Amino acid sequence: MNSKTELAPAVASILEAARERPGGDAPVDVDARSLPDALARAEADGRVPIIAEVKPTSPTADGTRSDDPVELARAMVEGGAAAISVLTEPTHFGGSSESLTRVREAVSVPVLRKDFLVREDQLDVVEADLALLIARFVGDQKSNDSRASQNTSRSDADLEELVVAARERGFQALVEVHDQEELEDALAAGANIIGVNNRDLAKLEVDLETFESVAPHVPDDVTLIAESGVSSPDDVRRMREAGADALLVGSAIMDHGAGDSDVTENTRRLVTATEEDE
Ligand SMILES: O=P(O)(O)OC[C@@H](O)[C@@H](O)c1c[nH]c2ccccc12
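First things first, this report covers the structure right here in the doc. Because the structure is predicted, anything quoted here is derived from the model rather than measured.

What about the overall build of the protein chain?
Secondary structure summary: the protein chain contains 13 helices and eight strands in total. Rg of the C-alpha trace for the protein chain: 17 Å, near the compact-globule value of 19 Å for 278 residues, within the 12% margin. Taken over the C-alpha atoms alone, the protein chain extends approximately 55 × 40 × 35 Å along its principal axes. Here the protein chain holds 278 residues, and 55% of them are scored as buried. Pairs at least 24 residues apart make up 70% of the contacts formed inside the protein chain by residues separated by at least 6 positions. When the accessible area of the protein chain is evaluated, it comes to approximately 11,700 Å², of which 44% is carbon and sulfur surface. When the 27 basic and 57 acidic side-chain charges of the protein chain are each reduced to a single mean position, those positions are 3 Å apart.

Some details on the site of the ligand
Residues in close proximity to the ligand total 17 residues, the closest being Glu53, Glu176, Ser228, Gly250 and Ser251. At a separation of 3.5 Å, a nitrogen atom of the ligand approaches a polar side-chain atom of Glu227. Here an oxygen atom of the ligand and a backbone polar atom of Gly250 are 2.7 Å apart. The protein chains hide 95% of the 440 Å² of surface that the ligand would expose on its own.

Here's the deal with the pairing of strand S1 (residues 50-54)
In terms of burial, S1 is a largely internal element, five of the five residues being buried. Neither face of S1 is open: one carries Ile50, Ala52 and Val54, the other Ile51 and Glu53, and all of them are buried. Here S1 runs beside strand S8 (residues 246-249); their pairing, made up of three bridges, is parallel. Looking at S8, one finds that Ile50 is bridged to Leu247. Taken together, S1, helix H3 (residues 69-78) and strand S2 (residues 83-87) constitute a β-α-β crossover, and its handedness is right-handed.

Topic: the packing of aromatic side chains
Applying the stated criterion across every chain, the model contains two aromatic pairs. Seen from their ring centres, Phe116 and Phe137 are 5.6 Å apart, and the 35° between their planes marks the pair as tilted. Residue Phe116 is located in the loop between strand S3 (111-114) and strand S4 (130-134), and its partner Phe137 is located in the loop between S4 and helix H6 (141-144); the two are separated by 21 residues in the primary sequence. Here the two residues Phe116 and Phe137 agree in accessibility, since each one is buried. Put simply, the rings of Phe93, Phe116 and Phe137 pair up and form one aromatic cluster.

Considerations on the packing of H3 against helix H13 (residues 263-271)
Two quantities define a packed helix pair, namely the angle between the axes and the distance from one axis to the other. Put simply, H3 and H13 touch, their axes get as near as 7 Å, and they point 35° apart. As H3 packs across H13, the resulting crossing turns out to be right-handed. Here Leu72, Ala75, Met76 and Glu78 of H3 lie close against H13, whose contacting residues are Val263, Thr264, Thr267 and Arg268. For the contact of H3 with H13, the per-class residue count stands at four nonpolar, two polar and two charged.

Points about the sheet that holds S3
Taken in spatial order, the eight strands line up as S1-S2-S3-S4-S5-S6-S7-S8 and close into a barrel, and their pairing is parallel. Here the strands of the sheet are splayed against their neighbours by 25° on average, with no regard to which way each runs. With five bridges joining them, S4 and strand S5 (residues 172-177) adopt parallel strand pairing. Each residue of the ladder has a partner; that of Leu132, found in S5, is Leu174. Here helix H2 (residues 35-44) sits on the sheet in contact with S1, S2, S4, S5, strand S6 (193-197), strand S7 (223-227) and S8, set at roughly 75° to S7.

About the cut-offs
Residues numbered from 1 in each chain as written. Predicted model: local features only at pLDDT ≥ 70, side-chain atom pairs only at ≥ 80, totals over all residues. Heavy atoms only, no water. Helix = DSSP H or I, 4+ residues; strand = E, 2+ residues; numbered from the N terminus. Rg over C-alpha atoms; globule rule 2.2 N^0.38 Å. Buried < 20%, exposed > 50% of the residue type's maximum accessible area, 1.4 Å probe, protein only. Contact = heavy atoms within 4.5 Å. Areas by Shrake-Rupley, 256 points an atom, 1.4 Å probe, with all protein chains shown as cover. Lys, Arg positive; Asp, Glu negative; His and termini not counted. Charge placed at Lys NZ, Arg CZ, Asp CG, Glu CD. Near = heavy atom within 4 Å. Polar contact = N/O pair within 3.5 Å; in protein donor to acceptor, adjacent residues only side chain to side chain. Pairing = 2+ DSSP bridges. Right-handed = clockwise from strand over helix to strand, strands pointing away. Phe/Tyr/Trp six-rings, centres within 6.5 Å; stacked < 30°, edge-to-face > 60°. Axes fitted to C-alpha atoms, helices over the stretch in contact; angles between N-to-C directions. Left-handed = near helix turned anticlockwise from the far one by under 90°. Nonpolar A, V, L, I, M, F, W, Y, C, P; charged D, E, K, R; others polar.

Pasting the structure below:
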């Protein structure tokens, strides 16, 4: 773990569950749809590049949406989403690998697998165009984890190993960071698509200043994504001004509290938040 601060109990339990989850039997071989190309297509048509997230629930959501993930993803694409993110974490986010496979068959935009991956074989559970790797959850755990030292075949990989393993399988790797130290780790691991998570995994609180403070340190050739806490067109403009090439948005589009909220409209509202509207 890179950071000195403790994780929120919900996050510690997510991570514990993730480490117990099995991997796949053999390496997958993905023919990935390019995220940078999809973002460029959105820009070319005047759409703000939004990666809309199918997230049935989360530890911070007000409720659960049980709509068909395929219908949700189609509605997001209809609203102009440049790409889709699908949670595959089952115990805390209501996700599944099957949902991701079905969504990827149903839409033509790139699909991100949103999960808490700590070992290489966990990449082999399901094909996706991108795999999320969270810098904070991978790294120097081998040295301080007794389970890992007892059974080296199941020990956690470090970030660079996972980035390489993801690319070998054809995935694009989206490396998530929360501060400048993690950004340095992501760059050292060779990441070229980086997400800055505005949600602090220690406190589960969101602060859009997180993106604003990390973004200036990101090299220009990196595809930079602002993640979490974007709920209004103003938030979209704020993140774009701070340098976001794309925004990853879940809760504001899923609108968990209002079960039948219109996902297409929720997406369109953010996709059309261009600077000229101000
Ligand atoms: O619902 P929000 O605040 O729009 O956030 C979406 C996404 O950034 C968030 O779901 C997320 C960011 N990193 C994660 C890692 C695991 C699970 C979920 C996440």
